[in-house]
Amino acid sequence: RFWWRISLALALGVATATAVITGALLVGDSMRGSLAELTIERLGRTESMVAPQGFFDATTVVREGIDPVPLIFFPTGVAEHKRSEGAVSRAGSVQVIGIDDDFWELDSLGVRPEELPGEDGVVINASAAAELGVKRGDLITIRLPAEQAVPADSPLGRRDSQSEGLPRMKVLSVIEDRGLGRFSLSPSQAAPQNIYVSRNVIADVLDRQGQANM
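The notes below deal with the structure included here. (Residues numbered from 1 in each chain as written. Predicted model: local features only at pLDDT ≥ 70, side-chain atom pairs only at ≥ 80, totals over all residues. Heavy atoms only, no water.)

### Comments concerning the overall build of the protein
Put simply, the rule reads: Starting at the N terminus, helices and strands are each numbered in turn, a helix being any DSSP run of H or I of at least four residues and a strand any DSSP run of E of at least two. Each radius of gyration reported is based on C-alpha atoms, and the globular scaling rule is 2.2 Å times the count of residues to the power 0.38. Here's how the labels work: a residue is buried when its accessible area is under 20% of the maximum for its type, exposed when over 50%, partly exposed in between, all with a 1.4 Å probe on protein chains only. In this description, contact between two residues means that some pair of their heavy atoms is separated by no more than 4.5 Å. Accessible surface area values rest on a Shrake-Rupley calculation with a 1.4 Å probe, where residue burial reflects the displayed protein chains alone.
In terms of regular secondary structure, the protein is built from 3 helices and 9 strands. Listed by position from the N terminus, the elements making up the protein come as α-β-β-β-β-α-β-β-β-β-α-β. On C-alpha atoms alone, the protein measures out to a radius of gyration of 24 Å, which is more than a quarter above the 17 Å that the 2.2 N^0.38 rule sets for 214 residues. Considering only C-alpha atoms, the protein reaches an extent of 90 × 55 × 45 Å along its principal axes. A total of 214 residues make up the protein; the buried ones form 36% of that total. Put simply, of all contacts in the protein between residues at least 6 apart along the chain, 72% involve residues at least 24 apart. Taken as a whole, the protein presents about 13,000 Å² of accessible surface, with 54% of it coming from carbon and sulfur.

Quick look at the structure:
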């Protein structure tokens, strides 16, 4: 009773420190849980991945009991949209994903576009649509990074920007930034800018019929 003031101050200090530490631990656990949830969401039902940093015959990948889903994946494509007033909007960090129809079966949330990518149309996610300022029915131009025999960062590599252009494509559908609409291999909370193109279209442009790089 004689030292009650000091005891009260000490008790309040311990309570405050405990609350701060507990709050920090809870925030950390919540952040880890959120990142894990985002990772599982954007990868869907993917169990394993083959990415040899080059193209291969997609029919050679066989695993018992599992139907492989081949992709042609470019993490650094460029997309452009010419507006009616003549201005051009450009997105320089889009992920161009060449897919077949069975790609959407990997989605664990049931996300699926109204129309699937075809010979003259693509599907984009909401982040890419906002960056380009496009909606369903608009036309966009997509450029793929050109393949090089020597890496650009090598002394023998070429550093000038090269690209392979696809024909002007119509936006068939805009999907939400959830599920495979967030498909990405980068561990980031930011929603990627994705454009989903028919794998056959990209393969024809690159002369890679029947091949994939993932």
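### A look at a nonpolar patch on the surface
To be explicit about the condition: To count toward a patch, a residue needs a relative accessible area above 30% and no salt bridge. Like charges then connect within 9 Å, nonpolar side chains (Val, Leu, Ile, Met, Phe, Trp, Tyr) within 5 Å. Think of a salt bridge as a Lys or Arg side-chain nitrogen and an Asp or Glu carboxyl oxygen that are within 4 Å of each other.
A contiguous nonpolar surface patch, about 430 Å² in accessible area, is contributed by Phe2, Trp3 and Ile6. Counting through the fold element by element, tryptophan 3 comes out in the segment before helix H1 (4-43).

### Things to note about the packing of aromatic side chains
Formally: Pairing of aromatic rings covers Phe, Tyr and the six-membered ring of Trp, with a centre-to-centre limit of 6.5 Å; geometry is then stacked below 30 degrees between planes, edge-to-face above 60, and tilted otherwise.
The tally for this structure, following the rule as stated, stands at 6 aromatic pairs. With 5.0 Å between their ring centres and 90 degrees between their planes, phenylalanine 2 and tryptophan 3 make a pair best called edge-to-face. Like tryptophan 3, phenylalanine 2 is exposed. A centroid spacing of 6.1 Å and a plane angle of 85 degrees characterise the contact between phenylalanine 73 and phenylalanine 183, whose relative ring orientation is edge-to-face. Of this pair, phenylalanine 73 sits in strand E2 (residues 72-82) while phenylalanine 183 sits in the loop between strand E7 (169-175) and strand E8 (194-198), and the two are 110 residues apart along the sequence. By the burial criterion, phenylalanine 73 is buried, and phenylalanine 183 matches it. By way of ring pairs, the aromatic residues Phe73, Phe103, Trp104, Phe183 and Tyr196 are connected into one cluster.

### Overview of the pairing of E7
Put simply, the rule reads: Whether two strands pair depends on DSSP finding at least two bridges between them.
With 5 of 7 residues buried, E7 lies mostly within the body of the structure. As judged from the 5 bridges shared by strand E4 (residues 121-125) and E7, these two strands associate in the parallel manner. Note that in E7 the partner of valine 122 across the bridge is valine 171. Of the pairings in the sheet, the one linking strand E5 (residues 139-145) to E7 comprises 2 bridges and is antiparallel in character. Along E7, the bridge assignment pairs isoleucine 140 with methionine 169.

### So, the pattern of salt bridges
Here the idea is simple: oppositely charged side chains can pair when their charged atoms come close. Inspection of every chain in the model, using the stated rule, returns 6 salt bridges. Two residues, lysine 135 and aspartate 138, come together in a salt bridge whose shortest N-O distance is 3.7 Å. Within the structure, one salt-bridge network assembled from shared partners comprises Glu114, Glu115 and Arg136.

### Quick look at unusual backbone geometry
Positive phi outside glycine occurs at glutamine 53, with the angle close to 65 degrees. Here glutamine 53 lies in the loop between H1 and strand E1 (56-57). Under the relative-accessibility criterion, glutamine 53 is labelled exposed at 77%.

### A short note on the side chain of serine 184
Assignment of secondary structure puts serine 184 in the loop between E7 and E8. Ignoring anything within four residues of it in the chain, the contact list for serine 184 reads Arg42, Leu43, Gln95 and Pro192.

### Topic: the nonpolar core
The line we're drawing: The definition of a nonpolar core used throughout is a set of buried Ala, Val, Leu, Ile, Met, Phe, Trp, Tyr and Cys residues joined through side-chain atoms within 4.5 Å.
Grouped together as the largest cluster of nonpolar side chains are 25 residues, with contacts concentrated most on Ile124, Ile140, Ile142, Ile195, Val197 and Ile202. Looking at this core, the elements with two or more residues in it are E2, strand E3 (88-99), E4, helix H2 (126-132), E5, E7, E8 and helix H3 (199-206). Not counting residues within four places of it along the chain, the set of residues in contact with valine 197 comprises Val96, Ile97, Gly98, Ile99, Pro117, Val122, Ile142, Leu166, Met169 and Ile202.

### Let's talk about the side chain of serine 127
Secondary-structure assignment places serine 127 in helix H2. Serine 127 gets classed as buried once you look at its relative accessible area, which sits at 18%. Leaving out residues up to four positions away in the same chain, serine 127 has contacts with Asp177, Ala191, Pro192 and Gln193.

### Overview of the pairing of E4
With 5 of 5 residues buried, E4 is to be regarded as a mostly interior element. Every second residue of E4 is oriented toward a common face, with Gly121, Val123 and Asn125 on one face and Val122 and Ile124 on the other, all of them buried. With 2 bridges connecting them, E4 and E8 associate as antiparallel partners. Bridging from a neighbouring strand, valine 123 pairs with tyrosine 196 of E8.

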